[in-house]
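Geometric and topological summary
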Amino acid sequence: MPTTSVALSPYSHGRLSLPNRIAFLATVNNLGRNRAITPELVAFYEERARGGAGLVITEGLSVHPTSVPNGTVPLAFDKELVPGFARLADAVHANDRPIVGQLWHVGRQALWNPGMQPWSPSPGRDPYSGSTPHAMTDAEVLEVMDGFAQSARNLADAGFDGVEIHGAHGYLVTQFLSPSSNQRQDRWGGSTTDRSRFVVEIINAIRERCPDDFVVGLKLTAHEYVDGGIDLEEAQAIVSRIVETAPVEYLGVSQANFSPSLEYHVPDLSFDDVPFAHLAAGVREVAAGTPVMAMAKVPDVETGSDLIERGVADLVGMSRAWLSDPHLVRRVERGETPRPCTYCNTCWHYIHTGRPVTCIYAPETGRELEARDEEASPAASEGRRVRVIGAGLAGLETARVASRRGYEVDVYEESSQAGGRLAREADIPGRERMGLATQWLQKAAVREGARVHLGEQVDAEVIREWNADDHVVVAVGAQPVVDDLDGAAAYSLADAWETRAELGGPVVIVDEMEDDPTYAVAISLANDGHEVAVVTRRDAVARNVAYVSRIGVLRRLDEAGVVLHTQLLPVRVDDGVLVARHVFSGKERRLGPVKTIVRAGPLAAARSPVPPGVDAVVVGDASAPRPYEAVFREAHTVAAHLDRIQP
Ligand SMILES: Cc1cc2nc3c(=O)[nH]c(=O)nc-3n(C[C@H](O)[C@H](O)[C@H](O)COP(=O)(O)O)c2cc1C
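Just so we're clear, the structure is a prediction, and the values are computed from it rather than from any experiment.

**A look at the domain arrangement of the chain**
Domain annotation for the chain reports domain 1 (6–370), domain 2 (379–479 + 604–645) and domain 3 (490–601). Here the C-alpha centroids of domain 1 and domain 2 sit 39 Å apart. On the side of domain 2, 16 residues touch domain 1, which itself brings 23 residues to the contact. Taken together, the two surfaces of domain 1 and domain 2 that pack against each other cover about 1700 Å², and 63% of this comes from carbon and sulfur. Of all residues in domain 1, L269, I360 and Y361 bury the most surface against domain 2, accounting for 36% of the area lost on that side. On inspection of domain 1 and its partner domain 2, the count reaches 0 salt bridges. For the pair domain 1 and domain 2, the interface holds 6 residue pairs in polar contact (both at pLDDT 80 or more). Classifying every residue of the side of domain 1 that touches domain 2 by side-chain character gives 13 nonpolar, 6 polar and 4 charged.

**Brief notes about helix 3 (residues 138–157)**
When the terminal C-alpha atoms of helix 3 are compared, their 29 Å separation across 20 residues agrees well with the 28 Å that a helix rising 1.5 Å per residue should span. Of the residues flanking the end of helix 3, it is G159, one or two places downstream, whose phi is positive at about 95 degrees.

**A short note on the layout of surface pockets**
The calculated volume of the second largest pocket comes to roughly 630 Å³. Looking at the second largest pocket, it is lined by 29 residues, and the ones nearest its centre are R339, E364, E375, R400 and R404. Elements supplying a minimum of two residues to the lining of the second largest pocket: helix 12 (368–376), helix 13 (393–404), helix 15 (434–447) and helix 20 (628–640). Ranked by residues supplied to the lining of the second largest pocket, first place goes to helix 12 with 5 residues. Its residues assigned to classes, the lining of the second largest pocket shows 9 nonpolar, 3 polar and 17 charged.

**Details of the state of the cysteines**
Each disulfide consists of one covalent bond between the sulfur atoms belonging to two cysteines. Evaluation of the coordinates by the stated rule reveals 0 disulfides. For C341, which is in no disulfide, the shortest distance to another cysteine sulfur is to C347 and amounts to 6.3 Å. Judged by relative accessible area, which is 8%, C341 ranks as buried. Distance from the sulfur of C344, which forms no disulfide, to the nearest cysteine sulfur (C347) is 6.6 Å. C344 gets classed as buried once you look at its relative accessible area, which sits at 16%.

**Focus on the sheet that holds strand 15 (residues 451–454)**
Read from one edge of the open sheet, 5 strands run 15-14-13-16-27, paired in parallel fashion. The open sheet terminates on both sides in strands that have one partner only, identified here as strand 15 and strand 27 (617–618). As judged from the 2 bridges shared by strand 16 (residues 471–474) and strand 27, these two strands associate in the parallel manner. Bridging from a neighbouring strand, V473 pairs with V617 of strand 27.

**With respect to empty space enclosed by the protein**
Taken as a whole and assessed by the stated rule, the structure comprises 3 cavities of 30 Å³ or more. Its boundaries defined by the atoms lining it, the largest cavity holds a volume of some 500 Å³. Residue lining of the largest cavity: 33 residues in total, with A26, H169, H265, V266 and S319 positioned closest to the centre. Mapped onto the lining of the largest cavity, the elements with two or more residues apiece are strand 5 (99–104), strand 12 (315–318), helix 9 (320–324) and helix 11 (346–352). Per-element accounting of the lining of the largest cavity gives the leading share, 4 residues, to helix 11. Here the lining of the largest cavity is built from residues that sort into 19 nonpolar, 11 polar and 3 charged. A volume near 90 Å³ is recorded for the second largest cavity.

**Details of the packing of helix 18 (residues 516–527) against helix 19 (residues 547–560)**
Two elements in contact, helix 18 and helix 19, have axes separated by 9 Å at closest approach and are oriented at 20 degrees. Between helix 18 and helix 19, the interaxial angle falls into the category roughly parallel. In this structure, helix 18 meets helix 19 at a crossing whose hand is left-handed. Residues D516, Y519, A522, I523, A526 and N527 of helix 18 form the contact with helix 19, whose participating residues are V553, R556, L557 and A560. The residue inventory of the contact of helix 18 with helix 19, partitioned by class, reads 7 nonpolar, 1 polar and 2 charged.

Reading the values: rules and limits
Here the residue numbering is sequential within each chain, running from 1 through the sequence in written order. For a predicted model such as this one, the threshold for reporting local features is a pLDDT of at least 70, and the threshold for listing and counting side-chain atom pairs is 80 or more; totals across whole chains, interfaces and linings nevertheless cover every residue. Heavy atoms from the whole structure form the basis of all side-chain values; hydrogens and water molecules are not counted. Throughout the structure description, domain borders are defined by an automatic or database domain assignment. Contacts between residues were defined by any pair of non-hydrogen atoms, one from each residue, lying within 4.5 Å. Here the buried area means the combined drop in accessible surface, using a 1.4 Å probe, for two parts upon being joined, counting both sides. Think of a salt bridge as a Lys or Arg side-chain nitrogen and an Asp or Glu carboxyl oxygen that are within 4 Å of each other. Residues adjacent in sequence count toward polar contacts only when both atoms are side-chain atoms; beyond that, a polar contact is any pair of N or O atoms within 3.5 Å, and within protein one must be able to donate a hydrogen and the other to accept it. Note on residue categories: nonpolar means Ala, Val, Leu, Ile, Met, Phe, Trp, Tyr, Cys or Pro, charged means Asp, Glu, Lys or Arg, and polar means any other residue, Gly included. Here a strand is any run of E in DSSP of at least two residues, a helix any run of H or I of at least four, and the numbering for each starts at the N terminus. Helix span, expected: 1.5 Å multiplied by one less than the number of residues in the helix. With a 1 Å grid spanning the protein atoms alone, the term cavity applies to any set of points in which a 1.4 Å probe fits but cannot get out, the term pocket to an open set with protein on both sides within 12 Å along at least five of seven lines, and the term lining residue to any residue with an atom within 4 Å of a point. Grid points are joined across faces, edges and corners, and a volume is the space filled by probe spheres set on the points. Defined by distance alone, a disulfide is two cysteine sulfur atoms within 2.5 Å. Partly exposed residues are those whose accessible area sits between 20% and 50% of the maximum for their type, while under 20% is buried and over 50% is exposed, using a 1.4 Å probe and protein chains only. The rule for pairing is simple: two strands pair if DSSP sees at least two bridges between them. For helices, the axis comes from a line fit to the C-alpha atoms of the stretch in contact; other axes are also lines fit to C-alpha atoms, and the angle between any two N-to-C directions lies between 0 and 180 degrees. Any angle from 65 to 115 degrees is called roughly perpendicular, while one under 35 is roughly parallel, one over 145 is roughly antiparallel, and all others are oblique. If you view the pair so one helix is near and one far, a crossing is left-handed when the near helix is turned anticlockwise from the far one by less than a right angle, and right-handed when it is turned clockwise.

Pasting the structure below:
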């Protein structure tokens, strides 16, 4: 049923005129090259415009040579790049969507590649990057302000509808606003009025340099969650000052900065939905009618409508939900279910490790141009059949894409539930949202015409009876290797979880996965009252968890009292005491009493049932156990090119 949600109705206020109230928030994607706009980057935004975003906000764009965090960040301050920005604006406008460019100066939070000593209002060391900044002189403050204004002018020349000043997440504007990072005694520091002067004058300078109808939005941190930093009360004082002296077209309300509070700026699946809505509501109280945009884990359009109806906000921003489904709004308008975001933060992990943005199960994200070629590729030859063995992430995506391309598809899954490793992860407290991915994929595959046979095992005999012309895709996944320890039997993580009511403590989990499910089980068992220790051969735990979520994992492990042992390999249990060996020195040590040993991995590919002589393609964990996004992408590519892989 097509929807008539308030969030999808047009919105007009002053200079702001939007086709709906669901914005695509600023999202670094690493698709730029040589600091300029590329066709890939244009396609990234064009797809979200086509997908119905009410406002397209670009990723942070550099406003000054002292803020060029890496080679993919486009330089808004460079006039030479205006033609590239114009191509981007044109592509978004061709879909009747407005576009604003986010103006970004990182200040001391020089995350990736500070080519020079970063600039900041005060010389205090940055807690995340560790950089010690140069305290800006008065002339340098004016120079950077001019960079903001010139960048806005360049974007206006390129045809942009406006700009959004990035005043959130601990970057330069926040560094001026925050009493924790601004210790200046001159007109740029001290009282709220003086700390706000930098952003107020930037807004006014942009107004002077840009056309009358040019939109200026401001994204603010309404709570830094650090000692002595901005809290809601201080944010309200800042907002009051801004709306009085330099009104903007909208206020985006975000939170946290790149300190230990970093985990809050992109709350992951362990958080409740809309965990920071109270901040938007608090800002709206003092916004004097300026439209307020709520954000952070607004999972769907319906929740967005609810925020608007309850008076929490006027507009709603989403980033990750547009990564898991670039056509989020259009799908809702057509009465379809968008591909829901799991909030696993793999997208964030990718961009913060220098790779193009990705999603664990959105095949087009970060490769929009390639995906268009796939869409245009010829359909499968009439009536040809695909037999997929296994309905995990890889099997379901193979089935979805192959059915879409016109194949007759049958998927055989021996267990009674589709989803494989991902669905099992969703049984663990705090990981429930992961299950949405496989539920969506299963429905999508069936909608495309695939037949999913649950509880149906196929063996060599059955396979031999299939038509020799059928494509056979093996997607049987992987199983944990569960070797007993000298002196003690071992459980797999899944078995330990299933039989947790009978487990004896203390419990030791031998961590070979360095991944979320291991820690979620450890935390749950500890919260149930067990003594739990995690032992890893690595020098740190959770290396496969996005740093931003790792903070939460480490916090929850500590809160639950889980003991962590690194660089150790358990070797035996002597009289109920676990003995482990240091991986580098070889020295043995007695770690303490243990009742239950749990092996969290490694995984080994499950055995293929395909007999010799039958041609088959192996995809996903069944060829090599890897992170979800790699498994998914492989299956997607195989299904998109099946006829070339197996003519
Ligand atoms: C991959 C990624 C890149 C981001 N890049 C930016 C950025 O350039 N500027 C910004 O203000 N916020 C950035 N953010 C934060 C988002 O704009 C948004 O505030 C946050 O993700 C919460 O919204 P969500 O729950 O809808 O994802 C980024 C978030 C992600 C996941």
